Amino acid sequence: MEPKSTIHSGEKLWKCGDYENGFNYPSELEIHQQIHTEERPFICPKCGKGFAQSSTLLIHQRGHTGERPFTCCVCGKGFSCSSNPMRHQQIHTDKKPFKCPDCRKCYKSSGELMRHQRVHTDVRPFRCFQCGTGFRQSSQLTIHQQVHTGARPFICSMCGKGFTQSSHLQKHQRVHSAERPFICFVCGKRFTRSSTLMSHQRVHKQLQ
């Protein structure tokens, strides 16, 4: 058994040969070593995915159940992991501690910064398995894959027409509602789409 004095002295006797820091308890070392062995003894009964730690499995299972026990004290949004509300709460502040080293633009989260940096590096980690096209964000890949599958999950409630993106459905619905939110600042004429407004404004430029 580990001497109690190591806890108080800060000395960590349980060492991993591939990791320069030590551990206070042999159980911590055992969990850590699963990283090297790729052992995943904790299996999700729902989807069969394996995890190195039972706590990680618990967080994963909340994805199936929809459980969100950790909430933001500002807006009440729920999260499956206890660390997520702390990161989320930066949205409610003006703090942007994550700075891009290339253009000095600042972001509220490390995830936002990481996505932004792909603009500079042109890294496209999300690949379409059918055609090989790369994308900077997983959401862009999801939209692209609908080209291959033909899926149109966004359906107009008025006419039943389907669209690949919610923004396309929103534009289409203006046909039914007669909404024309884009206004020409020269003549006041209104349009359903910004692209139509831009084409119209060229007429005024030609007349000048």
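Up top you'll find the structure we're talking about.
Residues numbered from 1 in each chain as written. Predicted model: local features only at pLDDT ≥ 70, side-chain atom pairs only at ≥ 80, totals over all residues. Heavy atoms only, no water.

## Notes on the overall build of the protein chain
- From N to C terminus, the protein chain includes eight helices and 14 strands.
- In the protein chain, buried positions account for 22% of the 208 residues.
- For the protein chain, restricting intrachain contacts to residue pairs at least 6 apart in sequence, the fraction spanning at least 24 positions comes to 0%.
- Of the roughly 15,100 Å² of accessible surface on the protein chain, 53% is carried by carbon and sulfur atoms. (Helix = DSSP H or I, 4+ residues; strand = E, 2+ residues; numbered from the N terminus. Buried < 20%, exposed > 50% of the residue type's maximum accessible area, 1.4 Å probe, protein only. Contact = heavy atoms within 4.5 Å. Areas by Shrake-Rupley, 256 points an atom, 1.4 Å probe, with all protein chains shown as cover.)

## Some points on the environment of Lys105
- Along the chain, Lys105 turns up in the loop between strand 7 (98-99) and strand 8 (106-107).
- For Lys105, a relative accessible area of 48% translates into the label partly exposed.
- For the pair Lys105 and His116, spaced eleven residues apart in the sequence, the C-alpha separation amounts to 9.1 Å.
- Residue contacts for Lys105: discarding those within four places in its chain leaves Phe98, Lys99, Cys100 and His116.

## Describing helix 5 (residues 110-121)
- When the terminal C-alpha atoms of helix 5 are compared, their 16 Å separation across twelve residues agrees well with the 16 Å that a helix rising 1.5 Å per residue should span.
- Within helix 5 the residues assigned to the buried category are Leu113, His116 and Arg118.
- Following helix 5 by one or two positions, Asp122 adopts a phi angle in the positive range, close to 60°. (Expected span 1.5 Å × (residues − 1).)

## Details of helix 6 (residues 138-149)
- Over its twelve residues, helix 6 runs 17 Å from end to end, which matches the ideal 16 Å to within 8%, given 1.5 Å per residue.
- What helix 6 keeps buried is the set Leu141, His144 and Gln146.
- Of the surrounding elements, those touching the buried residues of helix 6 are strand 9 (126-127) and strand 10 (134-135).
- Positioned one or two residues after helix 6, Gly150 has a phi angle of 80°, which is positive.

## Concerning the pattern of salt bridges
- With the rule as written, the count across this model stands at three salt bridges.
- Between Asp122 and Arg136 there is a salt bridge whose closest N-O contact spans 3.0 Å. Of this pair, Asp122 sits in the loop between helix 5 and strand 9 while Arg136 sits in the loop between strand 10 and helix 6; the two residues are 14 residues apart in sequence, bridging distant segments of the chain.
- Classification of Arg136 as partly exposed rests on a relative accessible area of 22%.
- Overlapping salt bridges, with partners in common, bring together Asp122, Arg124 and Arg136 in one network. (Salt bridge = Lys/Arg side-chain N within 4 Å of Asp/Glu carboxyl O.)

## Remarks on the side chain of Gln201
- As for its placement among the helices and strands, Gln201 is situated in helix 8 (residues 194-207).
- Those residues in contact with Gln201 that lie beyond four places of it in its chain are Cys184 and Phe185.

## Remarks on unusual backbone geometry
- Residue Arg104 is not a glycine yet carries a positive backbone phi of 70°.
- For Ala178, which is not glycine, the phi dihedral falls at a positive 65°.

## Some thoughts on the side chain of His116
- Following the sequence through the fold, His116 ends up in helix 5.
- Here the side chain of His116 touches Tyr107 through a polar contact of 2.8 Å, side chain to side chain.
- Within the structure, His116 has its side chain in polar contact with the side chain of His120 (distance 3.1 Å).
- Other than its neighbours up to four places away in sequence, His116 contacts Cys100, Cys103, Lys105 and Tyr107. (Polar contact = N/O pair within 3.5 Å; in protein donor to acceptor, adjacent residues only side chain to side chain.)

## As for a positive patch on the surface
- Together, Arg152, Lys161, Lys171 and Arg193 give the surface a local cluster of positive charge.
- In this structure, Arg193 sits in the loop between strand 14 (190-191) and helix 8.
- With a relative accessible area of 42%, Arg193 lands in the partly exposed category. (Patch = residues over 30% accessible without salt bridge, like charges linked within 9 Å, V, L, I, M, F, W, Y side chains within 5 Å. Lys, Arg positive; Asp, Glu negative; His and termini not counted. Charge placed at Lys NZ, Arg CZ, Asp CG, Glu CD.)

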